[in-house]
Amino acid sequence: MRVLGIETSCDETGIALYDSERGLLAHALYSQVQLHSEYGGVVPELASRDHVRKTLPLVEQVLAEAGVESSDVDAVAYTAGPGLIGALMVGACIGRSLAYAWDVPAVGVHHMEGHLLAPMLEPQPPQFPFVALLVSGGHTQLVDVQGIGQYELLGESLDDAAGEAFDKAAKMLDLDYPGGPRIAAMAERGDERRFKFPRPMTDRPGLDFSFSGLKTYTLTTVRDHAQADGLPDDQTCADIAAAFQSAVVDTLVIKCRRALKQTGRKTLVIAGGVSANQLLRQRLEAKLAEDGNRVFYARPEFCTDNGAMIAYAGCLRLQAGETQGLAIDVRPRWPL
Ligand code: KG4
Ligand code: ZN
């Protein structure tokens, strides 16, 4: 089965063609990061307008790269939520209409299920069951995964998502959006020991997170060391970035180990934009090895939003018999 995947839930237009026999045939991504960077975050209306311009040309590009005629596409999968309503509607309308025109089935995919299954696209995929840490700009969740569609929420952030915290801390340090990769790059020049940031909610039991306190801590530290231009000197900024990143990573690592212990699972899967973070991968690998457990993740380009994860998750859903009718439905909020 050949499935065209369309991802437009936020600020990336991601298109991919997945073949259930041969794997991923082609994929393309257009990022709107430049468009939104001067606003310090995603502007929903601009995102929708850009998806309208980019989606069909990228579909054509992916089909050409795969050497596949549109008549050889067996189904279309599009992100149906959660995400920005206008952006979702663009991908859903185009995806559902292409399927109608090509007379093939369509399926609406949960964006976070796409993230969760993305590590399955790697040469050595994880085996069910596992615990998944979903860490993106909108979500921080620990989920017990028994199989496709069998998800039990173990814990989640009570306020900001981890990615959102990275983005907000970056803004305080005058770094562009998205902040995660910028903080990580700046932290390389920093000394994480100079400032001792808290590891929120790790000293009491449970698997929930809270990152808003870290945001306040960052702001206070920046203000305490600010110079005339409102920012600390360059080395201090790097030290703050390093201390912040280390605090987020340690918090995630502590809760992941706790979730594995609680469920008795031996495998952890990390997915979503923040799972691209190198320090998180390194510390999880080291700590989980101590417990005799393993961590799996996708290649960096499939950690952040992409079409491949939607094509893949859609393919599994279609194989399980799921399809959507002609009435196009999107869900800006949609629990996993
Ligand atoms: O999954 P994603 O592309 O979009 C959502 O579904 O939200 O995640 C984007 C988030 C942003 O907050 C971004 O700052 C963060 O992932 N991110 C990172 C890294 N790369 C992306 N955070 C930390 N380290 C990174 N290397
Ligand atoms: Zn995402």
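Residues numbered from 1 in each chain as written. Chains lettered and ligands numbered in written order. Predicted model: local features only at pLDDT ≥ 70, side-chain atom pairs only at ≥ 80, totals over all residues. Heavy atoms only, no water.

Student: An account of the site of ligand 1 is needed here, citing residue identities and associated values.
Tutor: Near ligand 1, the surroundings consist of 20 residues, among which G137, D167, G180, G273 and N277 are the closest. Here an oxygen atom of ligand 1 sits 2.8 Å away from a polar atom, N or O, in the main chain of G137. Between an oxygen atom of ligand 1 and a side-chain N or O atom of D167, the distance comes to 2.7 Å. For ligand 1, the protein covers 89% of the area, taking 550 Å² as the surface of the free molecule. For the shell around ligand 1, the per-class residue count stands at 6 nonpolar, 12 polar and 2 charged. (Near = heavy atom within 4 Å. Polar contact = N/O pair within 3.5 Å; in protein donor to acceptor, adjacent residues only side chain to side chain. Areas by Shrake-Rupley, 256 points an atom, 1.4 Å probe, with all protein chains shown as cover. Nonpolar A, V, L, I, M, F, W, Y, C, P; charged D, E, K, R; others polar.)

Student: Any details on the UniProt feature "binding site: Fe cation" (unreviewed entry) in the chain? Residues and values, ideally.
Tutor: If you check UniProt for "binding site: Fe cation" (unreviewed entry), the listed places come out as H111, H115 and D305 in our numbering. On the basis of their most widely separated C-alpha atoms, the annotated residues across 195 residues gather in one place, lying no more than 8.7 Å apart. Mapped onto the elements, H115 comes out in helix 4 (residues 111–117). Residues within four places of H115 in sequence aside, it is in contact with A271, G272, G273, C303, T304, D305 and M309. Inspection of the secondary structure assignment puts D305 in the loop between strand 10 (294–297) and helix 10 (307–319). Look at D305 and you get buried, because its relative accessible area is 13%. If sequence neighbours within four positions are ignored, D305 has contacts with E7, S9, C10, E12, L29, H111 and H115. Of the polar contacts made by the side chain of D305, one reaches the side chain of H111; its length is 3.0 Å. (UniProt positions renumbered as here; feature names shortened; annotations may be inferred. Helix = DSSP H or I, 4+ residues; strand = E, 2+ residues; numbered from the N terminus. Contact = heavy atoms within 4.5 Å. Buried < 20%, exposed > 50% of the residue type's maximum accessible area, 1.4 Å probe, protein only.)

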